[in-house]
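Each chain is listed here by its residues.
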Amino acid sequence: MVQVTPTNRRDVLRAGAALAAGGALTTGCGNTGTATAAPPATTPASASASAAPKPLPAQITHGPRTRPQVALTFHGQGDPTLATQLLTTAEKHGARLTVLAVGTWLDTYPAMARRVLDGGHDLGNHTQRHISINAMSETDARKEIADCAERLRRLTGSIGRWFRPSRAPTATPLVVRLAADVGYPHVLSYDVDSLDYTRPGATAITRKVLAEATGGSVVSMHFGYPDTVAALPAVLQELDRRGLRAVTTTELLS
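First, a word on scope: everything that follows refers to the structure included in this document. Quantities reported herein were computed from a predicted structural model and do not represent experimental measurements.

### Topic: the overall build of the protein chain
Stage number 1. Check the secondary structure of the protein chain and you find 10 helices and 8 strands.
Stage number 2. For the protein chain, buried positions account for 41% of its 254 residues.
Stage number 3. Restricting to contacts in the protein chain with at least 6 residues of sequence separation, those with at least 24 account for 80%.
Stage number 4. Accessible surface computed for the protein chain: about 12900 Å², of which carbon and sulfur atoms make up 58%.

Now the structure itself:
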């Protein structure tokens with residue numbers, strides 16, 4: 001049996017008070033939510049859910065409005081010299097484009113497929129013959145998409161990520177389904193139409209694009225028109241001044 005003397009009795013009481021104070025501090029840290037406190041069971045799940053990216057829709061008209069980026073997308077056909085000038089101009093400005101190529105154009109100018117990709121741009125499918133795909137039968141529409149995809153695969157090893165319907169800003173539900181069957185889960189539309197194919201002049205093209213483009217915009221433009229080539233430097237310079245970077249559709253939507 002341990003004998004408690006007046007001296008060690010004081011020591012025992014002091015030790016007990018210290019232990020009690022230590023216990024109160026530990027409980028207090030846990031209640032204030034410091035690292036010693038266990039997080040609520042729902043925290044990881046809710047945080048994961050909020051951080052998970054939203055799936056892309058079947059038809060895409062624009063990207064996230066919070067991003068200081070735009071995608072300049074080009075219908076790929078026409079004079080390859082003009083197309084090369086557009087690509088080179090973009091690259092000199094540090095911009096990257098998205099080219100939706102027509103299959104017959106790739107048949108005539110197969111080297112353009114590699115030129116687009118070697119410049120760091122996106123390359124996708126704009127049907128084989130660039131006729132009104134929404135008005136076709138199921139069999140013919142499927143062939144339009146599949147034939148262009150086959151050209152892309154043969155020339156580059158990939159069908160590309162993006163499909164855009166020909167002669168229409170959006171696709172019918174049938175064409176959306178057929179594109180997915182071929183390997184394109186998303187139809188790429190746009191929210192800004194430059195109307196460059198109407199040949200309005202470089203100034204009008206520049207004004208139209210800059211009046212409507214905002215963060216996340218997808219802009220429709222075309223190869224094959226000298227006015228578009230002339231307009232591109234001013235478009236890129238003003239976008240840059242506004243803090244909007246021209247990127248590929250893949251980057252915009254990643």
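### Thoughts on the packing of helix 3 (residues 80–92) against helix 9 (residues 226–241)
Stage number 1. For the pair helix 3 and helix 9, the least separation of the axes is 9 Å and the interaxial angle reads 5°. When the interaxial angle is binned, helix 3 and helix 9 end up roughly parallel. Residues L82, Q85, L86, T89 and A90 of helix 3 form the contact with helix 9, whose participating residues are P226, T228, V229, L232, P233 and L236.
Stage number 2. A breakdown of the residues in the contact of helix 3 with helix 9 according to their chemical character gives 8 nonpolar, 3 polar and no charged.

### A look at the environment of V175
Stage number 1. Counting through the fold element by element, V175 comes out in helix 7 (residues 173–182).
Stage number 2. A relative accessible area of 1% means that V175 is categorised as buried.
Stage number 3. Note: C-alpha distance between V175 and I145 (30 residues apart in sequence) is 9.0 Å.
Stage number 4. Contacts of V175, omitting those with residues within four sequence positions, involve I133, N134, I145 and F163.

### A few points about the packing of helix 3 against helix 5 (residues 111–118)
Stage number 1. At a minimum axis separation of 11 Å, helix 3 and helix 5 run at an interaxial angle of 10°. As far as their axial angle goes, helix 5 and helix 3 are roughly parallel. Contacts between helix 3 and helix 5 involve P80, A83, T84, L87, T88 and E91 on the former and, on the latter, M112, R115 and V116.

### Digging into the packing of aromatic side chains
Two measures describe an aromatic ring pair: the distance that separates the ring centres and the angle between the ring planes.
Stage number 1. Scanning the model with the defined rule gives 4 aromatic pairs in all.
Stage number 2. Plain terms: the ring middles of W105 and F223 are 5.9 Å apart, the flat faces sit at 55° to each other, and that makes the pair tilted. With a gap of 118 residues between them, W105 in helix 4 (residues 103–108) and F223 in the loop between strand 7 (218–222) and helix 9 connect regions that are remote in the sequence. Taken individually, W105 and F223 each receive the classification buried, so the pair is uniform in this respect.
Stage number 3. An aromatic cluster is defined as three or more aromatic residues linked by ring pairs; in this entry it consists of F74, W105, Y109 and F223.

### As for the nonpolar core
Nonpolar side chains tend toward joint burial in soluble globular proteins.
Stage number 1. In terms of nonpolar packing, the biggest core is built from 51 residues, with L72, W105, I145, F163, Y184, F223 and L239 touching the most fellow members.
Stage number 2. Considering each element in turn, this core owes the most residues, 6 residues, to helix 9.
Stage number 3. Sequence-distant contacts of Y184, that is, excluding residues within four places in its chain, are made with N125, I145, A149, L152, I159, G160, R161, W162, F163 and A179.
Stage number 4. Counting residues in each nonpolar core, the second largest holds 10 residues, with I60, L100, W162 and Y190 among its members.

### Re helix 9
Stage number 1. Here helix 9 contains 16 residues, and its C-alpha end-to-end distance of 24 Å stays within 8% of the 22 Å for a straight helix at 1.5 Å per residue.
Stage number 2. Buried positions along helix 9 lie against strand 2 (69–76), helix 3, helix 8 (202–212), strand 7 and strand 8 (245–246).
Stage number 3. The first or second residue beyond helix 9 is G243, which carries a positive phi of 80°.

### What about the side chain of S217?
Stage number 1. Among the secondary structure elements, S217 is positioned in the loop between helix 8 and strand 7.
Stage number 2. Overall, the relative accessible area of 0% leaves S217 in the buried class.
Stage number 3. Side chain to side chain, S217 and R65 meet in a polar contact 3.3 Å long.
Stage number 4. Apart from the residues within four sequence positions on either side, S217 is in contact with H62, R65, Q69, V70, A71, D191, V192, E212 and L252.

Thresholds, definitions, all that
- Every residue gets a number counted from 1 within its own chain, in the order that chain's sequence is written.
- Side-chain atom pairs in this predicted model are given and counted only at pLDDT of 80 or more, local residue features only at pLDDT of at least 70, and totals for whole chains, interfaces and linings cover all residues.
- Heavy atoms throughout the structure, all of them, feed into the side-chain values; hydrogens and water do not.
- Numbering of helices and strands runs from the N terminus; a helix is a DSSP stretch of H or I covering at least four residues, while a strand is a stretch of E covering at least two.
- Buried residues are those whose accessible area, probed at 1.4 Å on protein chains only, stays under 20% of the maximum for their type, while exposed residues exceed 50% and partly exposed ones sit between those limits.
- By the convention used here, residues are in contact when the closest approach between their heavy atoms is within 4.5 Å.
- Each accessible area is a Shrake-Rupley result for a 1.4 Å probe, and residues are judged covered by the shown protein chains and nothing else.
- An axis is simply a line fitted to the C-alpha atoms; with a helix, the fit covers only the stretch in contact. Between two such axes, the angle follows the N-to-C directions and lies from 0 to 180 degrees.
- We call two directions roughly parallel when the angle between them is under 35 degrees, roughly antiparallel when it is over 145, roughly perpendicular when it lies between 65 and 115, and oblique otherwise.
- Residue type decides the class: Asp, Glu, Lys and Arg count as charged, Ala, Val, Leu, Ile, Met, Phe, Trp, Tyr, Cys and Pro as nonpolar, and the leftover types, Gly among them, as polar.
- Planes of paired rings set the category: under 30 degrees apart is stacked, over 60 is edge-to-face and the rest tilted, where pairs are Phe, Tyr or Trp rings (Trp by its six-membered ring) whose centres lie within 6.5 Å.
- Take the buried residues of types Ala, Val, Leu, Ile, Met, Phe, Trp, Tyr and Cys, join any two whose side-chain atoms come within 4.5 Å, and each joined set is a nonpolar core.
- To estimate how far a helix should reach, multiply one less than its number of residues by 1.5 Å.
- N or O atoms within 3.5 Å of each other form a polar contact, as long as, within protein, one can give a hydrogen and the other can take it, and as long as residues adjacent in sequence are counted only when both atoms are side-chain atoms.

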